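If you want the building blocks of each chain, they are given just below.
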Amino acid sequence: MLTAENLVERLRVYQPAVDARLILKAYEYSERAHAGQQRKSGDPYFVHPVSVAGILTELRLDASSVCAALLHDVVEDTLATTEDIEAAFGSEIAGLVDGVTKLSKINFTSKEDRAAENFRKMVMAMAQDIRVLLVKLCDRLDNMRTLEHMKREAQERIARETLEIYAPLANRLGIASFKTELEDLSFRYLEPKAFEDLTIAVAKTQRERERYIEDVNRVIGKRLAEQGFAADVSGRAKHLYSVWRKMQSHDCTLEQIHDLIAFRVIVESVSDCYACLGVVHSMWTPVPGRFKDYIALPKPNMYQSLHTTVIGPDSERIEVQIRTHDMHRVAERGIAAHWKYKERHSGGVADADAKKFGWLRQLVEWQDEFKDPAEFLEGVKIDLFQEEVYVFTPKGDVKVFPRGSTPIDYAYSIHSKLGDHIVGARVNGKLEQLRYKLRNGDVIEVVTANTQQPSKGWLDFVITTRARTRIRNWLRQEEREKSIRLGRELLERECQRHSISLTKLLKDDHEVRRMTEALKVQTFDELLLALGYGRIDAHDVIDVIAPQSDDGKALVPSSIKENAVARAVRKVINRDDGAIVLNGIDDVLVRYAKCCSPLPGEDILGFITRGRGITVHRRGCGKAFDADPERRVEITWDAKAKIDREVQIKVTATNKTGILADVGQTFSDLKVNVIEANCRAGDDGRAISLFTFNCSDMAKLRDVMRAIGKVRGVTAVERI
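All of these numbers come straight from a predicted model, not from anything done at the bench.

### Here's the deal with the overall build of the protein chain
Right, on to step 1. A tally of regular secondary structure across the protein chain gives 30 helices and 21 strands.
Right, on to step 2. Residues classed as buried in the protein chain amount to 49% of the 720 residues present.
Right, on to step 3. Considering only residue pairs separated by 6 or more positions, the protein chain has 65% of its internal contacts joining residues 24 or more positions apart.
Right, on to step 4. Counting only carbon and sulfur atoms, one obtains 48% of the accessible surface of the protein chain, whose full area is about 35,900 Å².

Below is the structure:
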């Protein structure tokens, strides 16, 4: 474990005037606060904040950041408060600690909501000071390095969050070493069998690969030296997760992956980069379509380099990256390489580089737009963490989009009205459909029509969060207006049955006010909306307008009146299977969404559907985000209910005799009845099988998937 003196020595390498007493004070404060606490490994808990502080010094961050790392868990895990930290260390360090601290004192309906709200809070904090995110990344990296001591379920949950959120954030910040390590560690726990198999397979060829790297390094270095270039040449094998992901996307084996090795050439100037590219292309044949100029068009995270793939020695495909020393420094340390030091508080990057991190401001804007934290988090995953494609406006300006974006995404990025009325786009002068996928270098010109309106079908293929948000908002507003019209029709029909003139009723302000107050709505439009949504029944309105006479049915006091939402749903049908509980009521009509096939044990959300009760989605399901939040209700599984739900899994295995029988026997041993099986063998020596069966809950599904994953020859098992 690092000592306080070790941390001070590391800081003095790049910040000679560091206040050693401040580091020592934070070190001792954290050590006292965490005294007696242990990690899952049995080590003293204090080892963790010290390790996080050590990682921050590798990024060469300032003393305040290192102090925040030492103190980052004090508020959450001890009796100390943010006010205590501020009194002892000042507002700057206290602000950093508060930004990293989780929202442990707030109750959430699920772990997903908690994670989403924690991320939202971190976004707001890092908008003020990006060091919050850097401390959090270092915290997550150290936690991932010691994840083997956690329970299997926790390992999967934390690794999934790391792969979906923190590894992409490290990439967006340009910290390549963090990204690759976080991805490989996540891969280890999410796909343990695939990780082990790939590790063994790669290790078998390690000595041969190292010899090949050494030979190519020598050849490139010698040729560049002959041409008068002072170049540092190095080579490395690509990290495991990137190799595995390429195997999955290309549906191939390790032996069929050709460009496993990447070489890096670091030179003195930009002009040398392009000259060295010419030398490399004169030595070996370049692969068409595999050249990328990130110097002229830097990535959003400020990464710059020339990338080319060539047919190298022994006809092996190799990737060569060429960059300057400054570019390399940014590639390794990202935003930390652009840090600006001041005598006191420093919360950002140099002004010249700040515009390159516009995505940070975009995050803040989005968190204001999204009511639902989970929807915000889903949008972040989609928009910020995918590979980019670069296109041009007709004026020649460069715009960057996630790969797979369409002309609709492009139109909404310029203006909402342009997106609302888009009917097509001229791409490089040729008219293309709305589903067209943008490609690098495309010149886009939007074609509009005043009669065009957003369609729900657009949500099936648009990519960016901005476009999806604008389309959803338009559809929700349209749905709101439709519901108001439906509510008016229902009320008019009921008024007619009781000989009530709705026109005369609306002219009486006193009656309207009495009606809205009794039904707990703010305006008459809200009343119509509630009627249209089914949250209030038209009979309830009539009961307020025209109470029953003495010889009629007795009126139920409002204090014990049944929930309006549950009553509206219950009128559709008397009972259901009792698997879902809504606000303590267990006899509501439900149907299960086919898009995500929720299982007992999973976190779920309900959406009111007119005439069909409540539709149940898995929390986080993409289709659920398309629904109006006003229709959303919190539901839970009924612990007493015994139900089986259909579930489907995909099994990938080597195509060998008896493999299907072995998998089938595993199902039989687990007493699982397979409803349907669809099996096919590919030309690559692999067999893909889809199995549909009934399952009682998530625990049972995990048992089935783990058991099948252990069958000899099975390489992957995933839920469909």
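That was the structure; now back to the text.
### A short note on the side chain of Thr516
Right, on to step 1. One can find Thr516 in helix H24 (residues 509-518).
Right, on to step 2. Beyond its immediate chain neighbours, meaning those up to four positions away, Thr516 contacts Val521, Thr523 and Phe524.

### Considering the nonpolar core
Right, on to step 1. Grouped together as the largest cluster of nonpolar side chains are 74 residues, with contacts concentrated most on Ile23, Leu71, Ile85, Phe178 and Leu198.
Right, on to step 2. Excluding residues within four positions of it along the chain, Leu71 makes contact with Ala26, Tyr29, Ser30, Ile85, Phe89, Ile93 and Val97.
Right, on to step 3. Counting residues in hydrophobic clusters, the runner-up holds 24 residues, among them Leu224, Ile261, Val267 and Leu306.

### Things to note about the environment of Ser413
Right, on to step 1. Residue position: Ser413 is located in helix H20 (residues 407-414).
Right, on to step 2. Separated by 51 residues in the primary sequence, Ser413 and Thr464 place their C-alpha atoms 8.7 Å from one another.
Right, on to step 3. The residues contacting Ser413, other than those within four sequence positions of it, are Lys399, Phe401 and Arg466.

### Concerning the packing of aromatic side chains
Right, on to step 1. Throughout the structure, instances matching the rule amount to eleven aromatic pairs.
Right, on to step 2. Feature note: the residues Phe187, Phe195, Tyr241 and Trp244 constitute an aromatic cluster, connected by ring pairs.
Right, on to step 3. Taking the ring centre of Phe89 as reference, the NZ or CZ of Lys25 above it sits at 5.1 Å.

### Observations concerning the environment of Ile463
Right, on to step 1. Checked against the element boundaries, Ile463 lands in the loop between strand S11 (444-448) and helix H22 (465-497).
Right, on to step 2. What makes Ile463 buried here is its relative accessible area of 18%.
Right, on to step 3. Taking the C-alpha atoms as reference, Ile463 lies 5.2 Å from Ser405; in sequence the two are 58 residues apart.

### Topic: a negative patch on the surface
Right, on to step 1. Side chains of Glu5, Glu9, Glu28 and Glu31 sit close together on the surface and give a patch of like negative charge.
Right, on to step 2. Mapped by element, the contributors of at least two residues to the negative patch are helix H1 (4-14) and helix H2 (20-33).
Right, on to step 3. Relative to the elements of secondary structure, Glu9 occurs in helix H1.

### Here we look at the pairing of strand S14 (residues 604-609)
Right, on to step 1. Buried residues dominate S14, accounting for six of its six residues.
Right, on to step 2. Of the two faces of S14, the one lined by Ile604, Gly606 and Ile608 and the one lined by Leu605, Phe607 and Thr609 are each fully buried.
Right, on to step 3. Of the strand pairs in this sheet, S14 and strand S16 (residues 632-633) are connected by two bridges, and their pairing is antiparallel. Counterpart to Gly606 in the pairing with S16 is Val633.

### Notes on the confidence of the model for the protein chain
As a note on interpretation, predicted positions should not be read in detail where pLDDT is low.
Right, on to step 1. Per-residue confidence for the protein chain gives a mean pLDDT of 80; residues scoring 70 or more make up 80%.
Right, on to step 2. In this model, residues 566-578 is a region of pLDDT below 50 whose contacts with residues beyond four sequence positions or in other chains number 29 contacts.

### Some thoughts on the sheet that holds strand S18 (residues 645-654)
Right, on to step 1. Reading across the sheet, the four strands line up as S19-S20-S18-S21 and stay open at both edges, with antiparallel pairing between neighbours. The sheet terminates laterally at strand S19 (674-681) and strand S21 (714-719), the two strands that pair on one side only. Across the sheet, the mean angle from the axis of one strand to that of its neighbour is 15°, orientation sign disregarded.
Right, on to step 2. In this structure, S19 lies alongside strand S20 (residues 686-695), joined through seven bridges in antiparallel fashion. Paired with Cys679 across the bridge in S20 is Ser689.
Right, on to step 3. Set on the sheet, helix H29 (residues 659-669) makes contact with S18, S19, S20 and S21; between it and S20 the angle comes to about 20°.

### Side note on the packing of helix H7 (residues 91-100) against helix H9 (residues 131-145)
Right, on to step 1. Packing of H7 against H9 leaves a shortest axis separation of 9 Å and a crossing angle of 55°. By the criterion of interaxial angle, the relationship of H7 to H9 is oblique. Relative to H9, the crossing made by H7 is right-handed. Counted together, Glu92, Leu96, Gly99 and Val100 of H7 and Arg131, Val132, Val135 and Lys136 of H9 form the full contact between these two elements.
Right, on to step 2. Taken together, the residues of the contact of H7 with H9 break down into four nonpolar, one polar and three charged.

### Topic: the pattern of salt bridges
Right, on to step 1. Evaluation of the coordinates by the stated rule reveals 15 salt bridges.
Right, on to step 2. Between Asp19 and Arg21 there is a salt bridge whose closest N-O contact spans 3.7 Å.
Right, on to step 3. Two residues, Arg706 and Glu156, come together in a salt bridge whose shortest N-O distance is 3.7 Å. One end of the pair, Arg706, is in helix H30 (residues 698-709); the other, Glu156, is in helix H10 (residues 152-172), and 550 residues separate them in sequence.
Right, on to step 4. Through salt bridges with shared partners, one network takes in Asp62, Glu92 and Arg131.

Analysis parameters
- Residues numbered from 1 in each chain as written.
- Predicted model: local features only at pLDDT ≥ 70, side-chain atom pairs only at ≥ 80, totals over all residues.
- Heavy atoms only, no water.
- Helix = DSSP H or I, 4+ residues; strand = E, 2+ residues; numbered from the N terminus.
- Buried < 20%, exposed > 50% of the residue type's maximum accessible area, 1.4 Å probe, protein only.
- Contact = heavy atoms within 4.5 Å.
- Areas by Shrake-Rupley, 256 points an atom, 1.4 Å probe, with all protein chains shown as cover.
- Core = buried A, V, L, I, M, F, W, Y, C linked by side-chain atoms within 4.5 Å.
- Phe/Tyr/Trp six-rings, centres within 6.5 Å; stacked < 30°, edge-to-face > 60°.
- Lys NZ or Arg CZ within 6 Å of the ring centre and 35° of its normal.
- Patch = residues over 30% accessible without salt bridge, like charges linked within 9 Å, V, L, I, M, F, W, Y side chains within 5 Å.
- Salt bridge = Lys/Arg side-chain N within 4 Å of Asp/Glu carboxyl O.
- Lys, Arg positive; Asp, Glu negative; His and termini not counted.
- Charge placed at Lys NZ, Arg CZ, Asp CG, Glu CD.
- Pairing = 2+ DSSP bridges.
- pLDDT = per-residue confidence, 0-100.
- Axes fitted to C-alpha atoms, helices over the stretch in contact; angles between N-to-C directions.
- Parallel < 35°, antiparallel > 145°, perpendicular 65-115°, else oblique.
- Left-handed = near helix turned anticlockwise from the far one by under 90°.
- Nonpolar A, V, L, I, M, F, W, Y, C, P; charged D, E, K, R; others polar.

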